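# Coordinates in review
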Amino acid sequence: QVQLVESGGGLVQFGGSLRLSCAASGNIFSKNVMGWYRQTPGKERELVAEIASDAMTSYADSVKGRFTISRDNAKNTVYLQMNSLKPEDTAVYYCNYYYGGMHYWGAGTLVTVSS
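These lines cover the structure that appears in this document, whether it is placed above or below. Keep in mind that this is a model prediction, so the values were computed, not measured. (Residues numbered from 1 in each chain as written. Predicted model: local features only at pLDDT ≥ 70, side-chain atom pairs only at ≥ 80, totals over all residues. Heavy atoms only, no water.)

Opposite charge on two side chains allows them to pair when their charged atoms are near. Applying the stated criterion across every chain yields a total of four salt bridges. Salt-bridge contacts for Glu46 lead to Arg38; the nearest nitrogen and oxygen are separated by 2.8 Å. Here Glu46 falls in the partly exposed class, since its relative accessible area comes to 38%. Overall, Arg38 belongs to the buried group, its relative accessible area being 7%. (Salt bridge = Lys/Arg side-chain N within 4 Å of Asp/Glu carboxyl O. Buried < 20%, exposed > 50% of the residue type's maximum accessible area, 1.4 Å probe, protein only.)

Another aspect to go through is the state of the cysteines. According to the stated counting rule, one finds one disulfide in the structure shown. A sulfur-sulfur distance of 2.0 Å marks the disulfide that ties Cys22 to Cys95. Handedness of the Cys22-Cys95 disulfide follows from its S-S torsion of about -85°: it is left-handed. Residue Cys22 is found in strand β3 (residues 18-26), and its partner Cys95 is found in strand β9 (residues 91-99); the two are separated by 73 residues along the sequence. Accessibility assignment for this pair places Cys22 and Cys95 in one class, buried. (Disulfide = S-S within 2.5 Å. Helix = DSSP H or I, 4+ residues; strand = E, 2+ residues; numbered from the N terminus.)

Once that is clear, we can look at the nonpolar core. By size, the foremost hydrophobic cluster in this structure holds 27 residues, and its most contacted members are Leu4, Trp36, Leu80, Met82 and Tyr93. Elements represented by at least two residues in this core include exactly β1 (2-7), β3, β4 (33-39), β5 (46-52), β7 (67-72), β8 (77-82), β9 and β11 (109-114). Aside from chain neighbours lying at most four places away, what touches Leu4 is Cys22, Ala23, Ala24, Met34, Cys95, Asn96, Tyr97, Tyr104, Trp105 and Gly106. (Core = buried A, V, L, I, M, F, W, Y, C linked by side-chain atoms within 4.5 Å. Contact = heavy atoms within 4.5 Å.)

Note that every value here comes from positions in space, so none of it alone points to a role or purpose.
This is the structure we're talking about:
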């Protein structure tokens, strides 16, 4: 089992920045993919960004150039630096850990961007 604890969500104005953190604990394997997804009411959860243990990254087109994902393997922690935030970025953001066909999820942290 893997436990994920997120932090860093909150209320920010249009154009502002936030940094999300997610610490993983439990049965952690060195080769894994960690990422961030987001979800708004009535919509499916969507991938925002992900990063593999070798630092390969992938971003949704809607956040490219504004968000940066990074990780600290020694701390089993993944970060999402969100800049130039827009109201449409408002969502619950979920941390994800993927290994061997299994997805683990954090409880989610709410990000609200006011216009």
